[in-house]
Amino acid sequence: MTTVIPLPAPVLLPVAKSDRAFPVRRVYCVGRNYAAHAIEMGHDPDREPPFFFQKNPDNLTAQQAEFPYPPLSSDVHHEVELVVVLKKGGDNVDTGDALDCVYGYAVGIDFTRRDLQAEAKAAGKPWAAAKAFEHSAPVSEIVPAETIGHPANGNIWLTVNGDRKQQGDLNQMIWKVPEIIAELSKLFTLAAGDVIMTGTPSGVGSVSRGDVISCGIDGVATLTVTVV
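Here's what I pulled together on the structure shown here.

Conventions we followed
Residues numbered from 1 in each chain as written. Predicted model: local features only at pLDDT ≥ 70, side-chain atom pairs only at ≥ 80, totals over all residues. Heavy atoms only, no water. Salt bridge = Lys/Arg side-chain N within 4 Å of Asp/Glu carboxyl O. Helix = DSSP H or I, 4+ residues; strand = E, 2+ residues; numbered from the N terminus. Buried < 20%, exposed > 50% of the residue type's maximum accessible area, 1.4 Å probe, protein only. Pairing = 2+ DSSP bridges.

1. Details of the pattern of salt bridges
For the coordinates displayed, the defined rule picks out six salt bridges. For E79, the salt bridge identified is with R114, shortest N-O distance 2.6 Å. Note that E79 is positioned in the loop between β7 (76-78) and β8 (80-86) and R114 in helix α2 (residues 114-123), a separation of 35 residues in sequence. For the pair E79 and R114, a shared accessibility class is recorded, and that class is buried. Residues K131 and E79 are paired through a salt bridge, measuring 3.6 Å at the closest nitrogen-oxygen approach. Of this pair, K131 sits in helix α3 (residues 128-131) while E79 sits in the loop between β7 and β8, placing them 52 residues apart in sequence. Salt bridges linked by common partners bring K55, E79, D110, R114 and K131 together as one network.

What follows is the structure, encoded as structure tokens:
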């Protein structure tokens, strides 16, 4: 069967030290998954069931050195995150089997139009315009789990123009990677190609045009983008 318009280009993330790429199917994000960040956003950090939102696959930008400041916003925040990519999935995945679904890891930034998000929250409306806009999720190369294992600890950080803004450790996540996968699979049928952004530590803040943002997770990857 032919298509009435050309097929959209697939979203491909490069794999470190390889000429292969990881094809993206869906992008899931975990909200308020570090206690200190939940507190700074005005929420109770107690371990309640996680909540999720989505970005679009083509919001992911791999190896892109620039982040175009989005229109219709004057308060865009950085949020550094561990990114998990899946090689298989399913429904109701058991926590003990969840890491078998993981192909690898990366570091990424969940850029957020905070002013639009605040307006949406106040009106009880969805966050799509605040989260799922173009170029809103730059990510590093994917590092296979067979190379680095499954990081449960490790320094996660972000700087703006050389000043440390976010600092945390993966062990501070309220919901750990296996639990995130298990909980997501109760709500959605997970599959190969799915990407999960696992939440951000405290210290989120505004960015401006000209800012150079660097971030990383020890033992995983680093990433640098310039706001333009």
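Following the structure, the description resumes.
2. Remarks on unusual backbone geometry
One non-glycine residue with positive phi stands out, namely R32, at about 50°. Tracing the backbone shows R32 in the loop between β3 (27-30) and α1 (35-40). Unusually for a residue other than glycine, N92 sits at a positive phi of about 50°. Along the chain, the position of N92 falls in the loop between β8 and β9 (102-109).

3. Brief notes about the sheet that holds strand β13 (residues 155-160)
Taken in spatial order, the five strands line up as β6-β18-β17-β13-β14 in an open sheet, and their pairing is mixed. With partners counted over all chains shown, the strands left at the sheet margins are β6 (66-67) and β14 (163-169), one partner each.

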